[in-house]
Amino acid sequence: MAQFAHILAGFTLGFLCRRKLAQLLAETPLTASILTIDPAVLRMQGIEVLSLDFDGVLAGHGAPVPLPEAIAWMKHCQEVFGGSRMFILSNKPTEVRVRWFAEHFPAIRLISGVRKKPYPDGIKKTGELAGVPLSSIMMVDDRLLTGCLAALVAGARPCYIRHPYVSFDFRPGAELFFWLLRFAERVYVRVVSLF
Ligand SMILES: [Mg+2]
């Protein structure tokens, strides 16, 4: 059961943070993807560190490496923030991904060995490694009840990717599952925010 603890935490912590989650959902355009994020604007807004989710944010679910347009965007972010101020916080830091980042973005660190999102542990570790206040970290995630919620619990800033990358050709079953999951968590947030 331990592997499902973070899912249960998504519902319980999500209920506690329901108003902020509902506000985030209401404020986020349907088209929001990493390509609608201008890193220079984030810097002006006081963001010092980017924490990036992988699945749905940099590529379709389960993809081994980021999409070419996500790679270009990360390079742009690296020019603005510096690679040492960028982190990957995925609940699935696979070995292939770790190796790929070590080769292509050696300055970007992958957070591992922490409790899964929505627990705030990964964002807190990011703050310690980067030496910045948690309020200056932006967590970019396509899931309301994992990454965005972790940011709210930690006192960091959530950036909700409402228009995630999906690859129905590559992994139709997994993508359908996560499409339904994203839909269900939006319904959950809308419903519980009424109470
Ligand atoms: Mg994701």
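Before any of the text, the structure's been laid out above.
Description of the structure in this document. All values reported here derive from a predicted model rather than from experimental measurement.

1. Notes on the pairing of strand β5 (residues 157-160)
Judged from the four bridges that link them, strand β4 (residues 137-141) and β5 form a sheet pairing that is parallel. Residue pairing in the sheet places V140 in a bridge with C159 of β5. The parallel pair β4 and β5, bridged by helix α7 (residues 144-154), forms a crossover whose chirality is right-handed.

2. Topic: the pattern of salt bridges
One pass over the full model with this rule turns up eight salt bridges. Between D141 and K117 there is a salt bridge, with its nearest N and O atoms 2.8 Å apart. Here K117 lies in the loop between β3 (109-110) and α6 (121-130) and D141 lies in strand β4, a separation of 24 residues in the sequence. Across this residue pair, the class does not change: D141 and K117 are buried. E185 serves as the salt-bridge partner of R143, at 3.0 Å between the closest nitrogen and oxygen. Of this pair, R143 sits in the loop between β4 and α7 while E185 sits in helix α8 (residues 172-192), and the two are 42 residues apart along the sequence. Grouping residues by exposure puts R143 and E185 together as buried.

3. A word on the coordination of the magnesium ion
Distances from the magnesium ion to its protein donors, D53 (OD), D55 (O) and D142 (OD), fall at 2.0 to 2.2 Å. Binding-site remark: the magnesium ion is held by donors from one chain whose sequence spacing is D-x1-D-x86-D. Here D142 lies in the loop between β4 and α7 and D53 lies in the loop between β1 (49-52) and α4 (68-81), a separation of 89 residues in the sequence. Per residue, the accessibility class of D53 equals that of D142, and both read buried.

4. Digging into the environment of K125
Its location among the elements puts K125 in helix α6. Spatially, the C-alpha atom of K125 lies 27 Å from that of V189, the residues being 64 residues apart in sequence. Aside from chain neighbours lying at most four places away, what touches K125 is I111, S112 and V114.

Definitions and cut-offs
- Residues numbered from 1 in each chain as written.
- Predicted model: local features only at pLDDT ≥ 70, side-chain atom pairs only at ≥ 80, totals over all residues.
- Heavy atoms only, no water.
- Pairing = 2+ DSSP bridges.
- Helix = DSSP H or I, 4+ residues; strand = E, 2+ residues; numbered from the N terminus.
- Right-handed = clockwise from strand over helix to strand, strands pointing away.
- Salt bridge = Lys/Arg side-chain N within 4 Å of Asp/Glu carboxyl O.
- Buried < 20%, exposed > 50% of the residue type's maximum accessible area, 1.4 Å probe, protein only.
- Donors = N, O, S within 2.8 Å, 3.2 Å for Na, K, Ca; no water.
- Contact = heavy atoms within 4.5 Å.

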